[in-house]
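Chain and residue survey
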Amino acid sequence: NEEGLLSGEANDIEQTKDGKLWIGTYAGLFKYDGGKFTLFNDVPSVKNVNCLYVDEEGRLWTGTNDDGITIFINEHVMNVIDEENGLLSNYVNDIVSDSNGNYYIGTTEGIALVSLSGGVKITKSYDQIKNVICMSADQSGTVVGVTDRGEIYWLRDGEIITSPIKFAENKAYRSACFTEDNRLLLGTTDNDVLIYDMTADTPYLIREFSVEEIDGINSFYVTDNNELFICSDTGV
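Residues numbered from 1 in each chain as written. Predicted model: local features only at pLDDT ≥ 70, side-chain atom pairs only at ≥ 80, totals over all residues. Heavy atoms only, no water.

Next up on the list: the overall build of the protein chain. Scanning the protein chain from N- to C-terminus turns up zero helices and 22 strands. Computed over C-alpha atoms, the radius of gyration of the protein chain comes to 18 Å, within 12% of the 18 Å expected from 2.2 N^0.38 for 236 residues, which places it in the range of a compact globule. Dimensions of the protein chain, computed from C-alpha atoms along their principal axes, come out at roughly 50 × 40 × 30 Å. Within the protein chain, the fraction of its 236 residues that count as buried is 48%. Long-range contacts, defined here as pairs at least 24 residues apart, represent 36% of the contacts in the protein chain between residues at least 6 apart. Only carbon and sulfur atoms are counted for the fraction: they give 43% of the accessible area of the protein chain, which is about 12000 Å². Across the protein chain, 16 positive and 40 negative side-chain charges occur, with their mean positions spaced 3 Å apart. (Helix = DSSP H or I, 4+ residues; strand = E, 2+ residues; numbered from the N terminus. Rg over C-alpha atoms; globule rule 2.2 N^0.38 Å. Buried < 20%, exposed > 50% of the residue type's maximum accessible area, 1.4 Å probe, protein only. Contact = heavy atoms within 4.5 Å. Areas by Shrake-Rupley, 256 points an atom, 1.4 Å probe, with all protein chains shown as cover. Lys, Arg positive; Asp, Glu negative; His and termini not counted. Charge placed at Lys NZ, Arg CZ, Asp CG, Glu CD.)

Encoded structure:
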C-alpha cells in the first residue's frame, strides 16, 4: 500500500518490451516503472484482473474476472474481447498463443480461438473444454489445456486432437508447461511431476517423480541454467 499497490493479492505479472512490469490484481491492473505502482483506474474493462500475457509484438493481453480481455499497445487500449463479440464467457483464466499466431483464450465456458489477421476476431470456440485453468504452447503448433477437473486437452492448428498414445490419463492434472528444449512438464493436484520428451510426434515419458514436501502443483518456472522451480499450494 505504501508504494501504491492497493491490492495485496497479485494474480499474475508480466513485463513488456519497454521494461515496465504489469501486475494483475483483484483491485485492477498496476504498472510498475521501477519507482512506483500506478493503477489504471480509467479503463473500465480492467477492474478485476486474473491473468496477463505479452505477445511477440509487445501487446499486453489482460484477462479479467467479468469483463473479458483488454488488449493494450503502448499503454493504450487497442481492443476489448468479451461476450458481446463472441467470447464464451467474460471470466478469463489464461491466455496463450501458438507458433502459428493463433491466440487461445481459456474461460469458464470454453476456449476461444482469436486471430488478429485483418482485425481482432474470434474464429472458433471450444465449449466442450470448460473451466480451463492453465494452458501452454510449444513451437510446433500444439497447445495443452488443463481444466479445473484435472483433465488435459490437446489442440493443434486450431483442432482438438486425441491424447497421444502412452500418455498418463489416470492422473488429475493442474499445470502444464512446454520448455524450449521440447519437453512438456505436467504437475498434478497432489505432488507428482511428469516430464515428457516432445521431440517426436508421440510424447515419451522420460521421468516421473513426487515432491513429498509440497502439495497441489500450480506452475513451473525454468531458469536459463535449466533449473526447475515447482510452485505449489504449500511452497516452492
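Bringing the sheet that holds strand S5 (residues 49–54) into the picture now. Sheet architecture is open: four strands sit in the order S5-S6-S7-S8, paired in antiparallel fashion. The open sheet is flanked by S5 and strand S8 (76–81), the only strands paired with a single partner. Averaged over all neighbouring strand pairs, the angle between strand axes comes to 20°, with direction disregarded. Two strands pair when backbone bridges link them, and S5 and strand S6 (residues 60–64) are joined in this way by five bridges, in the antiparallel orientation. Residue pairing in the sheet places Val54 in a bridge with Leu60 of S6. (Pairing = 2+ DSSP bridges. Axes fitted to C-alpha atoms, helices over the stretch in contact; angles between N-to-C directions.)

Glancing now at unusual backbone geometry. Within the chain, Asn131 stands out as a residue other than glycine whose phi angle is a positive 55°. Mapped onto the elements, Asn131 comes out in the loop between strand S12 (121–126) and strand S13 (132–137). Positive phi, normally seen in glycine, also occurs at Asn182, with a value near 60°. Structurally, Asn182 is set in the loop between strand S17 (173–178) and strand S18 (183–188).

Before going further, it helps to spend a moment on the confidence of the model for the protein chain. Per-residue pLDDT for the protein chain averages 91, and the proportion of residues at 70 or more is 97%. Of all the helices and strands in the protein chain, strand S16 (residues 159–161) carries the lowest mean pLDDT, 87, while S6 carries the highest, 97. (pLDDT = per-residue confidence, 0-100.)

In terms of strand pairing, strand S11 (residues 110–115) meets S12 through five bridges, oriented antiparallel. Within the sheet, the bridge partner assigned to Ser115 lies in S12 and is Lys121. From the end of S11 to the start of S12, which pair antiparallel, there are five residues, and Gly118 there has a positive phi angle of about 75°.

For the rest of this paragraph, the subject is the pattern of salt bridges. Two side chains that carry opposite charge are able to pair once their charged atoms sit near each other. Summed over all chains, the structure comprises twelve salt bridges. Ionic pairing is found between Asp18 and Lys20, a salt bridge with its closest N-O pair at 3.9 Å. For Asp18, a relative accessible area of 48% puts it in the partly exposed group. Classification of Lys20 as partly exposed rests on a relative accessible area of 23%. Where Arg149 meets Asp148, a salt bridge forms, and the shortest distance between an N and an O atom there is 3.7 Å. What makes Arg149 partly exposed here is its relative accessible area of 43%. Put simply, Asp18, Lys20, Lys31 and Glu75 are held in one network by salt bridges that share partners. (Salt bridge = Lys/Arg side-chain N within 4 Å of Asp/Glu carboxyl O.)

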